[in-house]
Amino acid sequence: MLFYILSEYGAPEESELEEPDTSIKKTLVTVTLESPNMPNKPPVQKKLPGAMTVNKLRSLVTRLFKGSNAASLTLHNVSRQTKETRLSVYEIELDDDMKEISFYSIEDGSVILVRW
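Residues numbered from 1 in each chain as written. Predicted model: local features only at pLDDT ≥ 70, side-chain atom pairs only at ≥ 80, totals over all residues. Heavy atoms only, no water.

A. Main features of helix H1 (residues 2-9). When you tally the buried positions in H1, you get zero out of eight residues, a small fraction of the element. Where H1 ends, the next residue or the one after it, Gly10, has phi of about 85°, a positive value. (Buried < 20%, exposed > 50% of the residue type's maximum accessible area, 1.4 Å probe, protein only. Helix = DSSP H or I, 4+ residues; strand = E, 2+ residues; numbered from the N terminus.)

B. Geometry of the environment of Leu75. Looking at the secondary structure, you find Leu75 in strand S3 (residues 74-79). Residue Leu75 is classed as buried on the basis of its relative accessible area of 0%. Separated by 17 residues in the primary sequence, Leu75 and Arg58 place their C-alpha atoms 7.7 Å from one another. Dropping the residues within four chain positions of it, Leu75 is found in contact with Val54, Leu57, Arg58, Val61, Ile92, Glu93, Leu94, Ile112, Leu113 and Val114. (Contact = heavy atoms within 4.5 Å.)

C. Structural view of helix H4 (residues 54-65). The end-to-end C-alpha distance of H4 is 16 Å, a good match for the 16 Å that twelve residues give at a rise of 1.5 Å each. Taken as a whole, H4 has its buried residues at Val54, Leu57, Arg58, Leu60, Val61 and Phe65. Considered in projection along H4, the buried side chains sweep an arc of 165° and stay on one side of the axis. Of the exposed residues in H4, the ones pointing more than 90 degrees away from its buried face are Lys56 and Arg63. Of the surrounding secondary structure, the elements contacted by the buried residues of H4 are strand S1 (28-34), strand S2 (44-49), S3 and strand S5 (110-115). Of the residues one or two after H4, Lys66 is the one with positive phi, at around 50°. (Expected span 1.5 Å × (residues − 1). Arc of directions from axis to C-beta.)

D. How the structure looks around the pattern of salt bridges. What the rule picks out here adds up to two salt bridges. Across the pair Asp97 and Arg58 runs a salt bridge whose closest N-O atoms are separated by 3.0 Å. Here Asp97 is found in the loop between strand S4 (90-93) and S5, whereas its partner Arg58 is found in helix H4, with 39 residues between them in sequence. Classification of Asp97 as partly exposed rests on a relative accessible area of 27%. Of the charged contacts, one joins Glu91 and Arg115 as a salt bridge, the two residues approaching to 2.9 Å between their closest N and O atoms. Of this pair, Glu91 sits in strand S4 while Arg115 sits in strand S5, and the two are 24 residues apart along the sequence. Under the relative-accessibility criterion, Glu91 is labelled partly exposed at 39%. Classification of Arg115 as partly exposed rests on a relative accessible area of 26%. (Salt bridge = Lys/Arg side-chain N within 4 Å of Asp/Glu carboxyl O.)

E. Structural context of the nonpolar core. Core analysis: the biggest nonpolar cluster contains 19 residues, and Leu57, Val61, Leu75 and Ile106 have the highest contact counts within it. The set of elements that each furnish at least two residues to this core consists of S1, S2, H4 and S5. In terms of residues, this core owes the most to one element, H4, which gives five residues. (Core = buried A, V, L, I, M, F, W, Y, C linked by side-chain atoms within 4.5 Å.)

F. Up close: the packing of aromatic side chains. Summed over the entire model, instances satisfying the criterion amount to two aromatic pairs. Taking the centre distance of 6.4 Å and the plane angle of 65° together, the rings of Phe65 and Trp116 count as edge-to-face. Here Phe65 is found in helix H4, whereas its partner Trp116 is found in the segment after S5, with 51 residues between them in sequence. For Trp116, a relative accessible area of 27% translates into the label partly exposed. Taking the centre distance of 5.1 Å and the plane angle of 90° together, the rings of Phe103 and Tyr104 count as edge-to-face. Judged by relative accessible area, which is 6%, Tyr104 ranks as buried. (Phe/Tyr/Trp six-rings, centres within 6.5 Å; stacked < 30°, edge-to-face > 60°.)

Keep in mind these values describe shape, not function.
Here it is in structure tokens:
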């Protein structure tokens, strides 16, 4: 039976024999949270899971920055220009509380602006 499978489909590749690492540590992204409305508050770096929802991020930001009106809080992912991508600076509003933050292309080194 094994000989038949090997002759039909070939030997397994090296990547098929390795188990992928699915630990939470591998899924964390480091982001910087900044608030232009609070210039005297220093930026905060946090490691967040990519599967975190925008609603949970909103709750975290409310506790970190202690804003006066949490209902009017807006979050924006900022893309900065780099030599490799040649992209200009743009902001993407994280407007759907039920989406995961990875949906908005948040990755290591991303900057999230917090506005009230």
